[in-house]
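Observations on the model geometry
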Amino acid sequence: MKKLTTMVMAGVMASGPALADLVIPDLSYRTGAYAAGGIPFSDGYQDYFNMLNQRDGGVGGEMFRIIECETAYNTERGVECYEATKGEGALVYQPLSTGITYQLIPRATADGIPLHTMGYGRTSAANGEIFSNVFNYPANYWDGASVIINALLDENDGSLEGQKIVLLYHNSAYGREPIRTLEVLSEQHGFELVQLAVDHPGQEQGNQWLTIRRERPDYVIMWGWGVMNQVAVQEAANIRFPMENFIGNWWAGAEHDVIPAGDAANGYRALNMNGLGDMPVFADIQTHVHDAGLAAGDGSNLGSVLYTRGMYAAMLAAEAIRVAQEMHGVAAITPAMMRDGMEALEMTAARMEELGAPGIGPEFSVSCSDHGGTGMAAMQQWNASEQEWVTLTDFIAPDDAVTQPLIEEDSAMFAAENGIEARDCAM
Amino acid sequence: MFYREAGDFKTSYAADNQTFPIAFDRYRYYFVLFIAIAVIPFVVNEYWANALLLPFLIYAIAAIGLNILTGYCGQVSLGTGGFMAVGAYATYKLMTAFPGLDMVTITFLSGFITAGVGVLFGLPSLRIKGFYLAVATLAAQFFLVWLFNRVPWFYNYSASGQINAPERTMFGLAVTGPNAEVWVKYLFCLFFVILLAWVARNLTRGTVGRQWMAIRDMDIAAEIIGVNPLKAKLTAFAISSFYVGISGALLFSVFLGAVEVGEAFGITKSFLVLFMVIIGGLGSIFGSFAGAAFLVLLPVALKVLGVDTLGWPTDIVAHFQLVIVGGLIIFFLIVEPHGLAQLWRLAKEKLRLWPFPH
């Protein structure tokens, strides 16, 4: 074993870092039960950085270097990936997994590396006074739950009194996140909340849908990911549940979730925190990356929902890097500078237009105390005959009066558990 | 030639019965201990500790535990993941309920709690065996995971159902939490590994171990020569669960720091530890270490070779890894059912005779 370790050590040494650069680790998952979602996100994430490298020579004259590491959505492998890549000067981690996020929050904070968990992870990380290194802009799960209820309120003339809403969730930290918000909202608006858990990986849902058929809910809200989404859409079709009353969150609304069910999936709705459509930036990616044979993966995902979201995540990271470079006056920034840049990030409509992605997200700005952004999300609907997601609404605002106290409460609990002093953001 | 046994005489029964009767083996054992205790803590870096050494040590404890039950006592168990979860949740509840308690006590207490749960689920083994027992332990696996998911008391009513290890210190040094130095974590785990491996080795050489092996080889015959199957099977379940519980406790508190029961202690974990035992060698303490090292190192080694050295796409390498592990398990089952430990034993025999084999 000793010999093997020395050999591996030699291997690590030989393949060591090529100095400088803006190092972006991509903790992706292209295998396992969640690969269908992991692949397009990772493709979009990498392609955008590659496009900046090819088109502009990186940001501020510094090139990006992407280190991809396969986690298979497994926390232990995620930790291994984190440890393997952080020594290379990693600027920001985006693990695309709530489980891995929970592992990395204390580690990354201790190591001074920022963590961007865009629309996943620990919701209360939006409180920057407690979570100095964790960002979850532009939206988090509690915003998502609130946005769905707001949209439903809108459709029901402002009242959900006496309605029955089922929450079908992935039985993990990820799926349980919205429960607390929905419980508060159900009390506030007088609807009945029925919680149905689906165990990993989510292929077995017969029992849950039998319950749904018996309960006859007005709406079904889904917090699903991976293979669970496809199965749920199929099961809903099997019991002839009205699709427009079946609403997924933003991780349950991609092409691959609905295509397997064919025409039966028509009308299924889902949230989305990023805009869709034909943006100029896709053309740039096509010319500079795909046509040059540099595409991540097989290059077939360009423009899909999760590809766009991965690209949006990369865009926000690149913007934060630009801000950090301006703030500190150096091109080769450190993770600490990156953190400052993320905290000072401001996305305006004009800037998004400049970046070739008009309307890709809501306008928002990050501050020392608020790491969560506006929390707005749009509703989209699947059109099975055209095989595309149609954005139905503008970005809808969540009810901050509901989510903010919950964030305060949960982050205070985290601070007490871990002995963290709140930062004074007024300074 | 490699083993110079000339002049290595035993003059007492104690000397004749020691674990490493050959002087060369004994010195190598001390040498490995010396490296592990006195050299590695000074040279280890975060990547090596967190990605390789800690999981190796922790899984080695779990593999020893399962080996006691399956390898020595012949009771097939698929509930390892569930018992590890018991250890982890016991640790979490003890850590949060008694913040002043030191980590060694907490870890041992978690082991005892798991042992109790293990005995409970071991009771059916008195009536059923083989496949049927495997299914009964499988039920334990699913029940325990379901329980920790279902009852909020176990995760202190947190919103996400995750448990997080708060920071705890020993002798003024953080052992758990993000600020713990890696060498402290390493030594903490090493302490348990050395102690538990030493205990396991001596248990299996003594009366208890011989009773287990008698039950394993033929339970009716064992009963006829006076082995109490109730006592033998339940002690095996208790001690095995004790080990597995400690391993789960360390996995949660020292290694991962945050755990979600379905993901960290699911059925795949039970299989992983079972594969370690099978590849390492049933009924061998060394085999438990070899199996744990093999299955912890293999993915990392393949990743370093495939992704970092050859530049292959990460998904291809990940798929290859599944193929290779699967292939190796089949290979070992066909060619060498006694695992790496047997290969080591054969190699040692050859080396003792070399260069004059008869």
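None of these values were measured; they are calculated from a predicted model.

Each helix and strand in chain B was counted, giving 15 helices and 4 strands. A globule of 358 residues ought to have a C-alpha radius of gyration of about 21 Å, and chain B, at 21 Å, matches this closely. For the C-alpha atoms alone, the extent of chain B along its principal axes is close to 70 × 55 × 45 Å. When each of the 358 residues of chain B is scored for burial, the buried share is 53%. Taking the contacts inside chain B whose residues are at least 6 apart along the sequence as the reference set, 73% of them involve residues at least 24 apart. For chain B, the computed accessible surface area is about 16100 Å², with 71% contributed by carbon and sulfur atoms. For chain B, the centre of its 22 positive side-chain charges and the centre of its 17 negative side-chain charges are spaced 7 Å apart.

This next bit is on the state of the cysteines. Cysteine pairs can be linked by a disulfide, which is a covalent bond between their two sulfur atoms. Residue and element names in this part refer to chain A. Scanning all chains against the criterion turns up 2 disulfides over all chains. Across the disulfide, Cys-69 is cross-linked to Cys-81 (sulfur-sulfur distance 2.0 Å). Given an S-S torsion of about -80°, the disulfide between Cys-69 and Cys-81 has left-handed geometry. Linking Cys-69 in strand S2 (residues 64-70) with Cys-81 in helix H3 (residues 75-86), this pair joins segments that are 12 residues apart in sequence. Grouping residues by exposure puts Cys-69 and Cys-81 together as buried. Residue pairing for Cys-368: its cysteine sulfur links by disulfide to Cys-425, the two sulfurs lying 2.0 Å apart. With the S-S dihedral at roughly -70°, the linkage between Cys-368 and Cys-425 falls on the left-handed side.

Moving on to the packing of H3 of chain A against helix H4 (residues 98-111) of chain A. All names here are of chain A. At their nearest, the axes of H3 and H4 sit 9 Å apart, and the two run at 30° to each other. As summarised for this structure, H3 and H4 are arranged roughly parallel, according to the angle between their axes. The element H3 and its partner H4 pack so that their crossing is right-handed. Contacts between H3 and H4 involve Thr-75, Gly-78, Val-79, Tyr-82, Glu-83 and Lys-86 from the first element and Gly-99, Ile-100, Gln-103, Leu-104, Arg-107, Ala-108 and Asp-111 from the second.

Next up on the list: the interface of chain A and chain B. Taken together, the contacts link 44 residues of chain A with 40 residues of chain B. Between chain A and chain B the total buried area reaches about 3600 Å² when both faces are included, carbon and sulfur atoms providing 56% of it. When the buried area of chain A at its contact with chain B is split by residue, Glu-76, Glu-80 and Arg-176 of chain A rank highest and sum to 17% of it. Our count for the contact surface shared by chain A and chain B stands at 13 residue pairs in polar contact (both at pLDDT 80 or more). Looking at which element gives the most residues to the side of chain A that touches chain B, the answer is H3 of chain A, with 8 residues.

Attention now goes to the pairing of strand S1 (residues 22-28) of chain A. Residues and elements named next belong to chain A. Most of S1 is tucked away: 7 of the 7 residues are buried. Alternating residues of S1 divide into Leu-22, Ile-24, Asp-26 and Ser-28 and Val-23, Pro-25 and Leu-27, and every residue in both groups is buried. Alignment of S1 against S2, held across 7 bridges, turns out to be parallel. Counted as the bridge partner of Asp-26 is Glu-68 from S2. Running through helix H2 (residues 35-56), the crossover from S1 to the neighbouring parallel element S2 is right-handed.

When you line up the elements, Arg-107 of chain A lands in helix H4. In this structure Arg-107 of chain A comes out as buried when scored by relative accessible area, which is 8%. Setting aside anything within four residues of it in sequence, one finds Arg-107 of chain A in contact with Val-79, Tyr-82 and Glu-83 of chain A together with Asn-50, Pro-178, Phe-255 and Leu-256 of chain B.

The next subject is the sheet that holds strand S12 (residues 378-383) of chain A. Residues and elements named next belong to chain A. Reading across from one edge, S6-S5-S7-S8-S9-S12-S13 is the order of the 7 strands in this open sheet, with mixed pairing throughout. Among the strands making up the open sheet, the edge pair consists of strand S6 (192-198) and strand S13 (388-391). In this sheet, adjacent strand axes meet at a mean angle of 25° when their direction is disregarded. As paired strands, strand S9 (residues 269-272) and S12 are joined by 4 bridges and run antiparallel to one another. Bridge pairing in S12 places Ala-270 opposite Gln-380. Across the sheet, helix H8 (residues 206-215) touches strand S5 (164-170), S6, strand S7 (219-223) and strand S8 (246-248), and the angle it forms with S6 is around 165°.

Turning our eyes to something else, we now look at the pattern of salt bridges. Any two side chains of opposite charge can pair, on the condition that their charged atoms come close. A full pass over the atoms with the stated rule returns 29 salt bridges over all chains. One salt bridge connects Lys-303 of chain B with Glu-80 of chain A, and the closest N-O pair in it is separated by 3.0 Å. Within this pair, whereas Lys-303 of chain B is found in helix H13 (residues 285-309), its partner Glu-80 of chain A is found in helix H3, the two belonging to separate chains. Note that Glu-349 of chain B is salt-bridged to Arg-352 of chain B, the shortest N-O span being 3.6 Å. Placement of the pair is Glu-349 of chain B and Arg-352 of chain B together in helix H15 (residues 339-353), with a separation of 3 residues, close to one helical turn.

Residues and elements named next belong to chain A. With an omega of 5°, the peptide bond between Tyr-137 and Pro-138 qualifies as cis. With an omega of -5°, the peptide bond running from His-200 to Pro-201 counts as cis. Note that Pro-201 resides in the loop between S6 and H8. With a phi angle near 55°, Ala-72 is a residue other than glycine that sits in the positive phi range.

The subject of this paragraph is the environment of Gly-87 of chain A. Residue and element names in this part refer to chain A. Mapped onto the elements, Gly-87 comes out in the loop between H3 and H4. Owing to a relative accessible area of 70%, Gly-87 belongs among the exposed residues under this scheme. Separated by 206 residues in the primary sequence, Gly-87 and Gly-293 place their C-alpha atoms 29 Å from one another.

The parts lose accessible area when they come together, and the size of an interface is often stated as this lost area. Residues and elements named next belong to chain A. Under the domain assignment used here, chain A contains domain 1 (21-140 + 279-375 + 406-418) and domain 2 (143-275 + 378-400). Using only C-alpha atoms to locate each centre, domain 1 and domain 2 end up separated by 26 Å. Summed over both partners, the interface of domain 1 with domain 2 comes to about 2600 Å²; 58% of that surface belongs to carbon and sulfur atoms. At the boundary of domain 1 and domain 2, one finds 1 salt bridge. Linking domain 1 with domain 2 are 16 residue pairs in polar contact (both at pLDDT 80 or more), by the criterion used here. In terms of residue count, helix H12 (residues 305-328) provides more of the side of domain 1 that touches domain 2 than any other element does, 5 residues in total.

Calculation criteria
- Residues numbered from 1 in each chain as written.
- Chains lettered and ligands numbered in written order.
- Predicted model: local features only at pLDDT ≥ 70, side-chain atom pairs only at ≥ 80, totals over all residues.
- Heavy atoms only, no water.
- Helix = DSSP H or I, 4+ residues; strand = E, 2+ residues; numbered from the N terminus.
- Rg over C-alpha atoms; globule rule 2.2 N^0.38 Å.
- Buried < 20%, exposed > 50% of the residue type's maximum accessible area, 1.4 Å probe, protein only.
- Contact = heavy atoms within 4.5 Å.
- Areas by Shrake-Rupley, 256 points an atom, 1.4 Å probe, with all protein chains shown as cover.
- Lys, Arg positive; Asp, Glu negative; His and termini not counted.
- Charge placed at Lys NZ, Arg CZ, Asp CG, Glu CD.
- Disulfide = S-S within 2.5 Å.
- Axes fitted to C-alpha atoms, helices over the stretch in contact; angles between N-to-C directions.
- Parallel < 35°, antiparallel > 145°, perpendicular 65-115°, else oblique.
- Left-handed = near helix turned anticlockwise from the far one by under 90°.
- Buried area = accessible area lost by both parts, 1.4 Å probe.
- Polar contact = N/O pair within 3.5 Å; in protein donor to acceptor, adjacent residues only side chain to side chain.
- Pairing = 2+ DSSP bridges.
- Right-handed = clockwise from strand over helix to strand, strands pointing away.
- Salt bridge = Lys/Arg side-chain N within 4 Å of Asp/Glu carboxyl O.
- Domains from an automatic or database assignment.

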